[in-house]
Structures are given as structure tokens and as C-alpha cells.
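# Structural description and commentary
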Amino acid sequence: MNLRSPAFAILFAVSLIAAAGNMALQSVLPAIGREFRLSDTLVAGAFAISALMWTVASPFWARLSDTLGRKRVMMIGLAGFVVSMSGFGLAATSGLEQWLGAGLAFIMMGVARTVYGVFGSAAPIASQAYVADRTTPEQRTQAMSLLASAQGLGTVIGPALAPFFVLPAIGVGMGGAGLVIPGVGLAGPMYAFALFGLLALVVVWRRLPSGEVVRIPSPSGHRGDAGKGLWKDPRIRGYLLYGLFVTGAQAANISVLGFHIIDELSVAGIAAREAQPFIGIAMLAGAAATLMAQWGLIPLLRLQPADLMRWGAALALVGNLMSIASPGLYGVVVGYAVVSMGIGFARPGFIAGSSLSVEPHEQGAIAGLMMSLAGLSFLAPPVIGVALYELAEPAPFIANAILLAAATGLCFIDPRLRAGPPDLPDRDETPSPETPPASQPGPEGNR
């Protein structure tokens, strides 16, 4: 697959929009929780159901992408994203404008995130498997790194744009009469990214080539059996454990960040609603560090999965130690940026490593496992991290440092992680010119 092709550009845009929307929501969520006068831990805990549904649904979407096709599953995921973001925005508006009580509005927000949990994993699973179907093992690390960098770019765009969509009511005076144009407030970013998701859905439907490669059947002769029990396979068990440590620490950092900045600014008398630009700046710094790793350092240094994993966990560990040693707004921002750079190395490392460790017919299953891992990381760690933060400010960073020290050690202790994925130069998953397009219902395109 040519990484400069229109098809890859579409996949890149899908990942970017999903990441940007979620990070925009993440950036305004602490302020919404404080406006609703809810406990920080409750705000984090209410969204654990979304992560749970993501984890449960991911293997289903992975299997369905093998049978129904990558493109159709991608469209289902995008539709779920649009419905979820729109519903969340409406629920937030209802609570902020006091059309509904804060408790009921927050329950509705949780329902909207549950919708995303069920359908949201479909698009990234299908995107990752679509790329894996069409790249050689030699191309895989670069392709996965570039696709992962779309998420990094999304984390730049989402928090950076979010303050511009927080539109207050505008009063217009004409003579003695006055007219008030209602605003969307903190719910604005959700409406904006729901629209972006809808546009992406149309582009995927009309422009993404839907011809499928011919995937090698599983040893049992049934594609539906491919990847069953893969989570306990010794080939990828170490990658999953490493990923769980690293993404769990990342999820705790992200969930604590907004509350931490709001509290640091409150010392200077800045209200939660006014802290939104500062939260955006912190997330922007973290995303820029991630992009520097994925767009600059990884291609420049030609780092392989084993190296990416070692450097990634170590850098994220240093970032959390900096957050402990240097409290205050400056320390929060710099520490988060260093953590984000580490994740920028680590995530493409263990994703590419696990993909290269399995066979072509297992690519859909491994993509599903990686998405399940992402769901698990946002199930308990954010709730635990915010609860620890309410207990003591350094507590979540200490817990993260322990997790990341374990991840770093695992890179040297586990023989498979230490050696890296096997070199399989003869394995080529790129479709030949004679490969026919898949027979799928719905809009089709040329490969």
C-alpha cells in the first residue's frame, strides 16, 4: 500500500477526526464536571462504562471486519461516533442551560459515551486491519507509526480547536430592544466534531476503495476461528502486558490533567470555565511532543519495535517523575509533554511488534485485541488516577511511575520483547494486480 495514496489519506483523516473529537471532549470534561458540581472521581467513573463497552465490542468488530469488510465496519464506527458526539453535546447543553437537572443530564452524557463505547472501536480496528492487509512486514512499522501519528495530530487539533467552539451567548442591541443569540458553551466542541465525523463518513462511503485483499485462511480452514484465544498466545502476550501498563498510565495522566490545571489556576483566582485555554495549551504541548516522536524521530532514527518500546516506557516514566518533582502549572505542562513523547514511541512500537508477530490471517484479530487494550486502559486507570489525585496530588504520578518502571523492565526480561518480532522477509501481504475486489453489498470501488 502506498502511504501517499488517497486511500491512506482517508484512513489518516478518519483516525485524526476520532482522536481530535475525543481529546476535545476530554479537554472540556473537567470544566463541565465542575460546572455540574460533581465529584472529580464520579466524572471519571461515569465514563468507565464507555471503556467497558469498547473492550467488549472490539473483538466483535475485528471478526466482523474479516467477513463484512474493512470499509463497511469503518462506516459503522463513524456513524457511532457521530451519534455519540451529538448526543453528548445535547446532554451537556441541557445541563449547562438548566433545562434538565445536572444529575439527569450527566446520565444522558454517560449514555452517549456508551454508544461510542459500543461502536467507536469499529473504525480504528478496520483502519488498522485495512493497512495491515496491504503492507509488507518491512512497511508495517512505518505504516502503523504514520497511522498512529494521525491520533497524535488529532490530539493537537482537538484541544487547540475546542476553545474556539466554546461559543457564549451574544447580545445584540437595536435601539431600546435587545436580542440574545444563544450560544453552545462548553458543548460546542462536541457539535463541531460530530459534523466533522459526518463529513468523514461521506468521504469513506464515496471515496475509499473497498476491494479486499485475499487473506490466507486460518489453519482450521475457517476465517471465523482466526485469532480465537490470541490474547494468551505466547507470541503476543508480552506485547499485551506491556501495552496494558503503558496505556493505563497514559489514561491516568490524561484524566488527571484537566483537574490538575484547574486547581493550579484556582490559586490565582481563575475559574474552571476560564481554564479551558490553559488545558488546551497543555494538551497541545503533549500532542506536539507525540508528533515530534512519530513524525520526526522514529523515521529519522529508523527505530524498530523493541527500541520504540524501551525508549517509550522510559521517557513516560521520566515525565511522571518530573510531575512529582516540579508541581505547579509549568511542571504539569512539561511533565505531560515528556510523558506524551514517550507514548509517541511506545504505542507504535507495541502495535507494530504484535502485528509482525502473527500471521496474515490473524491481522483482524490482533487489531481487535489492540482496540480492546485501549478500552481496558480507560476502564479502571482513569478512575483510580483521579481518586488518587483527590487523595493527594502526587499520588497518581507515583502509581504511574511504578507501572512504567514495570513496563521498562519487561522489555529486558521478556525474551520475545528483548529480541523483537521475528524477521519474515518472505511474507508479503500486498495484493497482486490480479486480486479481484471483494464481493460485498453496498457501494464498491476499485482496489
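Residues numbered from 1 in each chain as written. Predicted model: local features only at pLDDT ≥ 70, side-chain atom pairs only at ≥ 80, totals over all residues. Heavy atoms only, no water.

A few words on the overall build of the protein. Within the protein, the secondary structure is distributed over 16 helices and 2 strands. Per-residue burial over the protein gives 57% buried out of 447 residues. If you take every contact in the protein between residues at least 6 apart in sequence, the share linking residues at least 24 apart comes to 84%. (Helix = DSSP H or I, 4+ residues; strand = E, 2+ residues; numbered from the N terminus. Buried < 20%, exposed > 50% of the residue type's maximum accessible area, 1.4 Å probe, protein only. Contact = heavy atoms within 4.5 Å.)

What follows concerns the side chain of Gln26. Along the polypeptide, Gln26 turns up in helix H1 (residues 6-35). The residues touching Gln26, leaving out its near neighbours within four places in the chain, are Ile254, Ser255 and Met283.

Turning to the environment of Ser149, a few remarks are in order. Relative to the assigned elements, Ser149 resides in helix H7 (residues 137-165). The class of Ser149 is buried, set by a relative accessible area of 0%. A sequence separation of 198 residues divides Ser149 from Arg347, and the C-alpha atoms of the two residues are 9.9 Å apart. When near neighbours in sequence (up to four residues on either side) are disregarded, Ser149 contacts Phe12, Leu291, Gln294 and Trp295.

Another point: the environment of Phe397. Along the chain, Phe397 turns up in helix H15 (residues 395-413). When the C-alpha atoms of Phe397 and Gly319 are compared, they prove to be 9.0 Å apart, with 78 residues separating the residues in sequence. If we skip the residues at most four places from it in the chain, Phe397 touches Asn253, Val256, His260, Asn320, Ser323 and Ile324.

As a further point, take unusual backbone geometry. A positive phi angle is found at Arg37, which is not glycine, with a value near 60 degrees. In this fold, Arg37 is placed in the loop between H1 and helix H2 (40-46).

By size, the foremost hydrophobic cluster in this structure holds 70 residues, and its most contacted members are Ile32, Met74, Phe88, Met109, Met190, Val204 and Leu208. The element best represented in this core is H1, accounting for 15 residues. In this structure, Val204 is in contact with Ile10, Val14, Lys71, Met74, Met75 and Leu78, ignoring residues within four places of it in sequence. Of all hydrophobic cores here, the second largest spans 30 residues; its members include Ala132, Ala313, Val339 and Ile351. (Core = buried A, V, L, I, M, F, W, Y, C linked by side-chain atoms within 4.5 Å.)

Moving on to a nonpolar patch on the surface. Together, Leu195, Leu198, Leu199, Val202 and Trp205 make up a nonpolar patch on the protein surface, roughly 450 Å² of accessible area in all. Its location among the elements puts Leu199 in helix H8 (residues 188-207). (Patch = residues over 30% accessible without salt bridge, like charges linked within 9 Å, V, L, I, M, F, W, Y side chains within 5 Å. Areas by Shrake-Rupley, 256 points an atom, 1.4 Å probe, with all protein chains shown as cover. Salt bridge = Lys/Arg side-chain N within 4 Å of Asp/Glu carboxyl O.)

Per the counting criterion, the structure on display carries 4 salt bridges. In this structure, Arg34 engages Asp263 in a salt bridge whose closest nitrogen and oxygen atoms are separated by 3.2 Å. Of this pair, Arg34 sits in helix H1 while Asp263 sits in helix H9 (residues 237-266), and the two are 229 residues apart along the sequence. For Asp66, the salt bridge is made with Arg70, and the minimal N-O distance between the two is 2.8 Å. Both residues of the pair, Asp66 and Arg70, belong to the buried class. Within the structure, one salt-bridge network assembled from shared partners comprises Arg34, Asp40 and Asp263.

Looking at the protein as a whole, the pLDDT averages 79, with 83% of positions reaching at least 70. Taken element by element, the protein is modelled with least confidence in strand S2 (residues 177-181), mean pLDDT 45, and with most confidence in H15, mean pLDDT 95. Contacts from residues 174-181, a stretch scored under 50 in pLDDT, to residues over four places away or in other chains number 12 contacts. Predicted confidence for residues 216-227 stays below pLDDT 50, and this span has 16 contacts to residues more than four positions away or in other chains. (pLDDT = per-residue confidence, 0-100.)

Further remarks concern the packing of helix H3 (residues 48-67) against helix H4 (residues 70-96). Between H3 and H4, whose axes approach to 7 Å, the crossing angle comes to 140 degrees. On the basis of their axis angle, the class for H3 and H4 is oblique. Facing Trp61, Leu64, Ser65 and Asp66 of H3, the residues of H4 in contact are Arg70, Val73 and Ile76. Split into classes, the residues belonging to the contact of H3 with H4 amount to 4 nonpolar, 1 polar and 2 charged. (Axes fitted to C-alpha atoms, helices over the stretch in contact; angles between N-to-C directions. Parallel < 35°, antiparallel > 145°, perpendicular 65-115°, else oblique. Nonpolar A, V, L, I, M, F, W, Y, C, P; charged D, E, K, R; others polar.)

The geometry of helix H11 (residues 305-325) relative to helix H12 (residues 329-356) is characterised by a closest axis approach of 7 Å and an angle of 160 degrees between their N-to-C directions. Taken together, the axes of H11 and H12 are roughly antiparallel relative to one another. For H11 against H12, the interelement crossing comes out left-handed. By residue class, the composition of the contact of H11 with H12 is 20 nonpolar, 9 polar and no charged. (Left-handed = near helix turned anticlockwise from the far one by under 90°.)

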